[in-house]
Amino acid sequence: MSSASPPAVEEVQQVLCQNKDNLCDSTSIDPLLWKEFGENICSICKRKTSDFDLISKGEVRSAFLIPEDTIKMMKYMEKSNPHNSHWTPMHLYLRKHAKEFAIKRFGSLAAMEFEKHKREQKKFETDFIKTDSIIREQTLEYKQSLTKANQSIPKSTESTIGQKRSAIDECKATHKVTKHKKTLKSLIECLRGNDT
């Protein structure tokens, strides 16, 4: 939690808005941002920019590529978990602070975006390789099952040709259904990031 102690109402009213983008000299500072994050910004300036939005820990990690150790050093505000009030409370962070930590880590927001793009490209390539290997395995299994069905039927008489065809068709139909189910399940697991 933030280390700043909650200021008295009179103290909040005496502080001027320190928004560097707008020349604002308002004294109506947002008490939540002042108390939790030590940011003296007025409510009007807060609405003009997304820098003072509260974001979740997951968004800090994914949008700004900030590692867990760095997140632990950031100021946060606790809020009860919206999914279940008995679970661990959510930690909400200020977007402005996340940007500052990202700039310290990568040098600029553009460098961070480049790194994010590079990571997404690498993840796509690994997912593509996994998917390709799954499709190859499924094709090989299909061919092997056709060979087994072909070998299991005797080749001696004319009547067995019909049996052979129906066995192969039956094998194709059952394998096609299971093949598609397995392939879809494997693709979904790969896209979610689970190993098969």
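None of these values were measured; they are calculated from a predicted model. (Residues numbered from 1 in each chain as written. Predicted model: local features only at pLDDT ≥ 70, side-chain atom pairs only at ≥ 80, totals over all residues. Heavy atoms only, no water.)

Visitor: Teacher, can you tell me more about the overall build of the protein here?
Guide: Counting its secondary structure elements, the protein contains 8 helices and 3 strands. Going from N to C terminus, the protein has its helices and strands arranged as α-α-α-β-α-α-β-β-α-α-α. Within the protein, the fraction of its 196 residues that count as buried is 28%. Considering only contacts in the protein between residues 6 or more positions apart, those separated by 24 or more positions represent 52%. Surface exposure of the protein reaches about 13,700 Å², of which carbon and sulfur atoms provide 55%. (Helix = DSSP H or I, 4+ residues; strand = E, 2+ residues; numbered from the N terminus. Buried < 20%, exposed > 50% of the residue type's maximum accessible area, 1.4 Å probe, protein only. Contact = heavy atoms within 4.5 Å. Areas by Shrake-Rupley, 256 points an atom, 1.4 Å probe, with all protein chains shown as cover.)

Visitor: How should I be thinking about a nonpolar patch on the surface in this particular structure?
Guide: A cluster of nonpolar residues, Phe124, Phe128 and Ile129, forms a patch on the protein surface that exposes about 370 Å² of accessible area. Here Ile129 lies in helix α7 (residues 109-152). (Patch = residues over 30% accessible without salt bridge, like charges linked within 9 Å, V, L, I, M, F, W, Y side chains within 5 Å. Salt bridge = Lys/Arg side-chain N within 4 Å of Asp/Glu carboxyl O.)

Visitor: Just checking my understanding: could you explain the sheet that holds strand β1 (residues 54-56) for this structure?
Guide: For sheets, the rule is that strands pair by backbone hydrogen bonds, running either parallel or antiparallel. On the basis of which strands lie adjacent, the open sheet formed by 3 strands has the order β1-β3-β2 and antiparallel pairing. The two strands at the open ends of the sheet, each matched to only one other strand, are β1 and β2 (77-79). When the angles between neighbouring strand axes are averaged without regard to direction, this sheet yields 45°. As paired elements, β2 and strand β3 (residues 90-94) share 3 bridges and run antiparallel to each other. Of the residues in β3, the one forming a bridge with Lys79 is Met90. Against the sheet, helix α4 (residues 57-64) engages β1 and β3, with an angle of about 85° to β1. The strands that helix α6 (residues 95-106) touches are β1 and β3; relative to β3, the one it contacts most, it runs at about 70°. (Pairing = 2+ DSSP bridges. Axes fitted to C-alpha atoms, helices over the stretch in contact; angles between N-to-C directions.)

Visitor: Looking at this model, I keep getting lost on the packing of aromatic side chains. Mind explaining?
Guide: For any pair of aromatic rings, the description consists of the separation of the ring centres together with the inter-plane angle of the planes. Throughout the structure, instances matching the rule amount to 2 aromatic pairs. Note on Tyr76 and Tyr93: the rings are 6.0 Å apart at their centroids and 55° apart in plane angle, and the pair reads as tilted. With Tyr76 in the loop between α5 (68-73) and β2 and Tyr93 in strand β3, this residue pair connects regions lying 17 residues apart in the sequence. Taken as a pair, Tyr76 and Tyr93 share a single burial class, namely buried. When the centroid spacing of 6.4 Å and the interplanar angle of 25° are considered together, the rings of Phe124 and Phe128 count as stacked. You can see Phe124 and its partner Phe128 sitting in helix α7, 4 residues apart, about one turn around the helix. In this structure, Phe124 and Phe128 share a single accessibility class: exposed. The ring of Phe101 has Lys104 sitting right over it, with the charged end atom 5.1 Å from the ring centre. (Phe/Tyr/Trp six-rings, centres within 6.5 Å; stacked < 30°, edge-to-face > 60°. Lys NZ or Arg CZ within 6 Å of the ring centre and 35° of its normal.)

Visitor: Would you explain the pairing of β3 in this entry?
Guide: In regular strands, side chains alternate between the two faces of the sheet. Note that β1 and β3 share 3 bridges and pair antiparallel. Along β3, the bridge assignment pairs Ile55 with Tyr93.

Visitor: Even after reading the chapter, I still don't get α6, so can you show me in this structure?
Guide: An α-helix turns once per 3.6 residues; consequently, residues spaced three or four apart project the same way. The end-to-end C-alpha separation of α6 is 16 Å, in line with the 16 Å expected for 12 residues at 1.5 Å each. When α6 is considered as a whole, its buried residues turn out to be Arg95, His97, Ala98, Ala102 and Phe106. Down the axis of α6, the sector holding all buried residues measures 160°, keeping them to one side. Two residues or fewer after α6 comes Gly107, characterised by a positive phi angle close to 100°. (Expected span 1.5 Å × (residues − 1). Arc of directions from axis to C-beta.)

Visitor: In this structure, what is going on with the nonpolar core? I would like to understand it.
Guide: The biggest cluster of nonpolar side chains holds 13 residues, and the ones touching the most others in it are Val60, Phe64, Ile66, Tyr93 and Ala98. Mapped by element, the contributors of at least two residues to this core are α4 and α6. It is α6 that contributes the most residues to this core, 3 residues altogether. Core analysis: the second largest hydrophobic core is formed by 12 residues, Cys17, Trp34, Phe37 and Leu94 among them. (Core = buried A, V, L, I, M, F, W, Y, C linked by side-chain atoms within 4.5 Å.)

Visitor: Would you mind going over the pattern of salt bridges with me for this structure?
Guide: It is possible for side chains of opposite charge to pair when their charged atoms get near one another. Under the defined criterion, the tally for this structure stands at 11 salt bridges. Measuring nitrogen to oxygen at the nearest pair gives 3.0 Å for the salt bridge that ties Glu39 to Lys96. Of the two residues, Glu39 is situated in the loop between α2 (31-37) and α3 (43-48) and Lys96 in helix α6; the sequence distance between them amounts to 57 residues. In this structure, Arg136 engages Asp132 in a salt bridge whose closest nitrogen and oxygen atoms are separated by 3.1 Å. In this pair, Arg136 and Asp132 are both assigned in helix α7, 4 residues apart and thus about one turn of the helix distant. Classification of Asp132 by relative accessible area gives partly exposed; the value is 31%. Residues joined by salt bridges that share partners form a network here, namely Lys57, Arg61 and Glu68.

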